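# What the coordinates show
Here is how the chains run, residue by residue.
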Amino acid sequence: GVHRSFYDEVGGHETFEKLTSVFYREVAADEILRPMYPEEDLGPAERRLRMFLEQYWGGPRTYSDERGHPRLRMRHQPFTIGPIERDAWLRCMHTAIASIDDDTLDAPHRQALVDYMEMAAQSMVNSPL
Ligand code: HEM
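## A word on the nonpolar core
In terms of nonpolar packing, the biggest core is built from 32 residues, with Leu19, Phe23, Leu53, Trp57, Met93, Ile97 and Met117 touching the most fellow members. Looking at this core, the elements with two or more residues in it are helix H1 (6-9), helix H2 (13-28), helix H3 (43-56), helix H6 (83-98) and helix H7 (107-123). Sequence-distant contacts of Met117, defined by excluding residues within four places in its chain, comprise Leu19, Leu53, Trp89, Leu90, Met93 and Ile97.

Below, the structure is given as structure tokens:
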């Protein structure tokens, strides 16, 4: 189409690569989150999150080509996600968003990303504790 997507506006693949790489570096060091991940290697999980976010923001649709409909709430059902896990996830994501410079991510785009992550993390909560 004639409209640039949010994905294009914030620097495309390179930006999402940086975002998920910093996010998973934080997850790897987080004592709440790290034990929740079933695989030793966080690389595949990092790639799935990157593909999902790229697709969500108007980039390539590789996530759905490989994984089908996201159904994220269902896919998180095996994990106990309460306020503590949500806050740990958001802390890692805020660090990741903060690592993207202002030329790449201006204030309105940054705010849109933060708002989305807070909404999405809340929607994944499946336990009161
Ligand atoms: C998968 C934890 C929120 C997107 C996973 C996995 C864990 C996890 C343990 C399995 C790792 C894997 O094999 O991929 C959490 C926790 C959250 C949270 C504790 C706290 C709220 C979110 C949010 C999003 C998200 C807000 C999206 C914005 C994904 C995606 C996958 C995934 C795309 C891979 C799904 C697939 O199998 O295709 N998450 N997550 N997660 N998570 Fe989360």
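## Concerning the layout of surface pockets
Of the voids in this model, the largest pocket is the one considered here, and its volume is about 870 Å³. Lining the largest pocket are 33 residues, and of these Tyr24, Tyr37, Leu72, His76 and Trp89 lie nearest its centre. Taken together, the residues of the lining of the largest pocket sort by class into 23 nonpolar, two polar and eight charged.

## Concerning the coordination of the iron atom of the ligand
Around a metal, the idealised angle for a tetrahedral arrangement of four donor atoms is 109.5 degrees; for an octahedral arrangement of six donor atoms it is 90 or 180 degrees. For the iron atom of the ligand, the sole protein-derived donor is His76 (NE2), lying 2.0 Å away. With respect to the helices, strands and loops of the structure, His76 is situated in the loop between helix H5 (72-75) and H6.

## Looking at the side chain of Asp30
The topology assignment puts Asp30 in the loop between H2 and H3. We classify Asp30 as buried; its relative accessible area is 9%. Separated by 2.8 Å, the side chain of Asp30 and the backbone nitrogen of Leu33 make a polar contact. When near neighbours in sequence (up to four residues on either side) are disregarded, Asp30 contacts Pro35, Ala88, Arg91 and Cys92.

## Concerning the side chain of Thr20
Tracing the chain through its elements places Thr20 in helix H2. Given a relative accessible area of 0%, Thr20 falls into the buried group. Reaching out from Thr20, the side chain makes a polar contact with the backbone oxygen of Glu17 at a distance of 3.4 Å. Thr20 has contacts with Glu46, Leu49, Arg50 and Leu53, leaving out every residue within four places of it along the chain.

## Regarding the site of the ligand
In the vicinity of the ligand, 20 residues are found, and the nearest of them are Arg48, Tyr63, Arg67, His76 and Trp89. At a separation of 2.5 Å, an oxygen atom of the ligand approaches a polar side-chain atom of Tyr63. The side chain of Arg67 places a nitrogen or oxygen atom 2.6 Å from an oxygen atom of the ligand. For the ligand, the cavity whose grid points lie within 2 Å of the majority of its atoms is the largest pocket.

## A word on the packing of H6 against H7
Packing of H6 against H7 brings their axes to within 10 Å, and their N-to-C directions diverge by 165°. Relative to H7, the element H6 lies roughly antiparallel. As H6 runs across H7, the sense of the crossing is right-handed. Along the contact surface, H6 presents Arg86, Trp89, Leu90, Met93, His94, Ile97 and Ala98, while H7 presents Arg110, Leu113, Val114, Met117, Glu118, Ala121 and Gln122. A breakdown of the residues in the contact of H6 with H7 according to their chemical character gives nine nonpolar, two polar and three charged.

What counts, and where the lines are drawn
Residues numbered from 1 in each chain as written. Predicted model: local features only at pLDDT ≥ 70, side-chain atom pairs only at ≥ 80, totals over all residues. Heavy atoms only, no water. Core = buried A, V, L, I, M, F, W, Y, C linked by side-chain atoms within 4.5 Å. Buried < 20%, exposed > 50% of the residue type's maximum accessible area, 1.4 Å probe, protein only. Helix = DSSP H or I, 4+ residues; strand = E, 2+ residues; numbered from the N terminus. Contact = heavy atoms within 4.5 Å. 1 Å grid on protein atoms, 1.4 Å probe; cavity = no way out; pocket = protein on both sides within 12 Å on 5 of 7 lines; lining within 4 Å. Points joined across faces, edges and corners; volume = space filled by probe spheres on them. Nonpolar A, V, L, I, M, F, W, Y, C, P; charged D, E, K, R; others polar. Donors = N, O, S within 2.8 Å, 3.2 Å for Na, K, Ca; no water. Polar contact = N/O pair within 3.5 Å; in protein donor to acceptor, adjacent residues only side chain to side chain. Near = heavy atom within 4 Å. Sits in = over half its atoms within 2 Å of the grid points. Axes fitted to C-alpha atoms, helices over the stretch in contact; angles between N-to-C directions. Parallel < 35°, antiparallel > 145°, perpendicular 65-115°, else oblique. Left-handed = near helix turned anticlockwise from the far one by under 90°.

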